[in-house]
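Take a look at the letters that make up each chain.
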Amino acid sequence: MSYRVTLIPGDGIGPEITAATVRCLAATGVRFDWEIFEAGSEFVNRTGRPDPLPGELLDAISRNHLALKGPLTTPIGTGFRSVNVALRQALDLFACVRPCKNYPGIPSRYQNIDIVIFRENTEDLYAGIEFQSGTEAFGEINGLVAGYNHRWLRHNSAVGIKPISEFSSRRIVRFAFDYAERLRRRKVSIIHKAEVMRLSDGLFLEAARQVARDYPEVQYSDLPIDNICDQLVREPEYFDILVLSNLFGDIISDLCAGLIGGLGVAPGANIGTRAVVFEPTHGSAPDIAGQDKANPTAQILCGVMLLRHLGEIAAGDRLENALKAVLQAGIHLTADIHPEKAKAVGTAAFADAVMAALF
Ligand code: ATP
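A few points on the structure. Remember, it's a predicted structure, so these values are computed and weren't measured experimentally. (Residues numbered from 1 in each chain as written. Predicted model: local features only at pLDDT ≥ 70, side-chain atom pairs only at ≥ 80, totals over all residues. Heavy atoms only, no water.)

1. Some details on the overall build of the protein chain
Part 1 of the argument: Check the secondary structure of the protein chain and you find 12 helices and 12 strands.
Part 2 of the argument: Against the globule reference of 21 Å for 359 residues, the protein chain gives a C-alpha radius of gyration of 21 Å, in line with a compact fold.
Part 3 of the argument: Taking the principal axes of the C-alpha coordinates as reference, the protein chain spans close to 70 × 55 × 45 Å.
Part 4 of the argument: A buried classification covers 52% of the 359 residues belonging to the protein chain.
Part 5 of the argument: Expressed as a percentage of contacts within the protein chain between residues at least 6 apart in sequence, the contacts between residues at least 24 apart total 73%.
Part 6 of the argument: Here the protein chain displays about 16,400 Å² of accessible surface, and carbon together with sulfur accounts for 54% of that area.
Part 7 of the argument: Taking the average location of the 36 positive side-chain charges in the protein chain and that of its 42 negative ones, the two points are 3 Å from each other. (Helix = DSSP H or I, 4+ residues; strand = E, 2+ residues; numbered from the N terminus. Rg over C-alpha atoms; globule rule 2.2 N^0.38 Å. Buried < 20%, exposed > 50% of the residue type's maximum accessible area, 1.4 Å probe, protein only. Contact = heavy atoms within 4.5 Å. Areas by Shrake-Rupley, 256 points an atom, 1.4 Å probe, with all protein chains shown as cover. Lys, Arg positive; Asp, Glu negative; His and termini not counted. Charge placed at Lys NZ, Arg CZ, Asp CG, Glu CD.)

Structural data, given as C-alpha cells:
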C-alpha cells in the first residue's frame, strides 16, 4: 500500500530540501505516491501561467487531504500576495503548529527547550486586506475613520485591516488545549497586546479565557507580546504551548527557531478540518538556493510529522532517531549548524548520512 500525498517542492531552496526529504522518507520503507505540483511567483514568471496558486493544486490537496510543501518566495512590496498565505486561507488551514525543541548536536545558547507554537493562520493583519491612498476605497475608509474616530489619516498613507473573530479565536485556542490534554503538556500561554488593541486583541484574549475554563487540568496564563519576548530570551525553558494570532505567531516562530539553533531546524504543519499541509518555518532563502548548502533538517522533521500523522509511528521514530544520530555525531552537518564551516557538507550528503543511520 502507498500513501497518496501532494508534493509542492516550492522554489529557492525548496526543491533541494524536499528532494532530500523524499529520499529519506523512501528509505524508511513507507511507500508514497507523490502527486507533484508547482506554484508561486517564480512558476508564474517561468511558465507565463496566470495563477500562482493553480486550482488543480488546491483540488489535489483537498482530494488527498495531505501535502508536503517547500517554501515559496513572496516578492517584497510588489502587487504579489503571499502564495503561502493564500494557500492557508483557500483551504482554511486554520492552525499552524510549530514544535521547537533542542536536538543534541545542534549548537544553541539554550538547552531544555520544548515549546509548541499554535499560530492562528487565517485572520489578523495577515488577512491581506489593505488599501492604498488615492483609491476610492481608501477615501471611504478615511471618511469612516474621521466620522467615528474624529481624526483623518495622514496624506499618502496605506491602511491594513486586522480582523479578529470570536469563531477563529476560540477555534485555535480550543485546538491548542485539546493538543495539550491529548499529549499531557503542562501549560498553555496566550499571547496578545490587548492593552493597546483593546477590541481586536481584547476579543482574542477574552475568547481564550472562556475556552480555558473548559480545561481545568491544563495550566493557563496570558502575557503581552512584548513581555514574552523578554522572557523567551531570558528563560525559554519555562514555556510550553504558546497560542498567538497570525502576525505575532509568525514573528515568535522565527524567534523560537533561533532559540533552538536556527531556521534550518524548525518544522511546521498547517492544519485544517479537510487537509494538513506540512512545511518548514523558514522561507525560500534565495541567498543559498541552488548551491547544495541548505539544511534539510526542518523539512525532514516535517516528513517525521507526516509519518506520525499517517499513523506510521515506528517509521517516524526511526527517521527522527536517524536524524538525531547524524546531528549528535556532528560530522555530516550543513554550514548553518557546523562549528567549522569549512568542513560542512551539502544538503544531499546530509540526507545520505541520515539514510545511512536508518536501521
Ligand atoms: P520568508 O519571508 O519567506 O519567511 P525570509 O527571506 O524572511 O523568508 P528565510 O528564507 O526563512 O527568510 O531565511 C532567512 C535566512 O536564514 C536565509 O537567507 C538563510 O541564510 C537562512 N536559512 C533559512 N532556512 C535555511 C535552511 N534550511 N538552511 C540554511 N539556512 C537557512
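2. Remarks on the packing of helix H11 (residues 313–329) against helix H12 (residues 347–357)
Part 1 of the argument: It is at 8 Å that the axes of H11 and H12 come closest, and there the two elements cross at 120°. Classified by the angle their axes make, H11 and H12 are oblique. As for how H11 packs across H12, the hand of that crossing is right-handed. Each of Leu 319, Ala 322, Leu 323, Ala 325, Val 326 and Leu 327 in H11 lies in contact with H12, whose residues at this interface are Phe 350, Ala 353, Val 354 and Ala 357. (Axes fitted to C-alpha atoms, helices over the stretch in contact; angles between N-to-C directions. Parallel < 35°, antiparallel > 145°, perpendicular 65-115°, else oblique. Left-handed = near helix turned anticlockwise from the far one by under 90°.)

3. Description of the pairing of strand S2 (residues 31–36)
Part 1 of the argument: Relative to S2, strand S1 (residues 2–8) runs parallel, the two being bridged by six bridges. Bridge assignment links Val 5 to a residue of S2, and that residue is Trp 34.
Part 2 of the argument: Regarding topology, helix H1 (residues 14–27) serves as the crossover connection from S1 to the parallel S2, and that connection is right-handed. (Pairing = 2+ DSSP bridges. Right-handed = clockwise from strand over helix to strand, strands pointing away.)

4. Observations regarding the site of the ligand
Part 1 of the argument: Around the ligand, the structure places Ile 13, Leu 263, Gly 264, His 282, Gly 283, Ser 284, Ala 285, Asp 287, Ile 288, Ala 294, Asn 295 and Asp 336.
Part 2 of the argument: Backbone polar atom of Gly 283 to an oxygen atom of the ligand: 2.4 Å apart, as the coordinates give it.
Part 3 of the argument: Between the ligand and the protein, one listed contact pairs an oxygen atom with a side-chain N or O atom of Asp 287 at 2.6 Å.
Part 4 of the argument: Burial of the ligand by the surrounding chains reaches 62%, relative to a free accessible area of 620 Å². (Near = heavy atom within 4 Å. Polar contact = N/O pair within 3.5 Å; in protein donor to acceptor, adjacent residues only side chain to side chain.)

5. Points about the environment of Ser 200
Part 1 of the argument: The topology assignment puts Ser 200 in helix H7 (residues 200–212).
Part 2 of the argument: Other than its neighbours up to four places away in sequence, Ser 200 contacts Lys 162 and Ile 164.

6. Concerning helix H10 (residues 297–309)
Part 1 of the argument: With 13 residues, H10 should reach 18 Å at 1.5 Å per residue; the first-to-last C-alpha distance of 18 Å fits that figure.
Part 2 of the argument: Buried residues dominate H10, accounting for 11 of its 13 residues.
Part 3 of the argument: Taken as a whole, H10 has its buried residues at Thr 297, Ala 298, Gln 299, Ile 300, Leu 301, Cys 302, Gly 303, Val 304, Met 305, Leu 306 and Leu 307.
Part 4 of the argument: Within two residues after H10, Gly 311 carries a phi angle of roughly 90°, on the positive side. (Expected span 1.5 Å × (residues − 1).)

7. Focus: the packing of aromatic side chains
Part 1 of the argument: Throughout the structure, instances matching the rule amount to seven aromatic pairs.
Part 2 of the argument: Summarising the aromatic geometry, the rings of Phe 94 and Phe 175 are spaced 5.4 Å apart at their centres and angled 75° between planes, so their arrangement reads as edge-to-face. Residue Phe 94 is found in the loop between helix H4 (83–90) and strand S4 (95–101), and its partner Phe 175 is found in helix H6 (residues 166–182); the two are separated by 81 residues along the sequence.
Part 3 of the argument: On the basis of relative accessibility, which here comes to 6%, the residue Phe 94 falls in the buried class.
Part 4 of the argument: For Phe 175, a relative accessible area of 25% corresponds to the partly exposed category.
Part 5 of the argument: By way of ring pairs, the aromatic residues Phe 94, Phe 118, Phe 175 and Tyr 179 are connected into one cluster.
Part 6 of the argument: The ring of Phe 248 carries Lys 162 above its face, with NZ or CZ at 5.5 Å from the centroid. (Phe/Tyr/Trp six-rings, centres within 6.5 Å; stacked < 30°, edge-to-face > 60°. Lys NZ or Arg CZ within 6 Å of the ring centre and 35° of its normal.)

8. With respect to the sheet that holds strand S5 (residues 114–120)
Part 1 of the argument: If you trace the 10 strands from one edge of the open sheet to the other, you get S2-S1-S3-S12-S11-S4-S5-S10-S8-S9, paired in mixed fashion. The open sheet has two free edges, formed respectively by S2 and strand S9 (219–224), since each of these has just one partner strand. Adjacent strand axes in the sheet meet at a mean angle of 25° when their direction is disregarded.
Part 2 of the argument: Where S1 lies against strand S3 (residues 66–69), three bridges are found, and the strand directions are parallel. Pairing of Ile 8 across the sheet is with Lys 69, part of S3.
Part 3 of the argument: Along the sheet, helix H9 (residues 246–259) contacts S4, S5, strand S8 (187–192) and strand S10 (241–244); its crossing angle with S5, the most-contacted strand, is approximately 155°.

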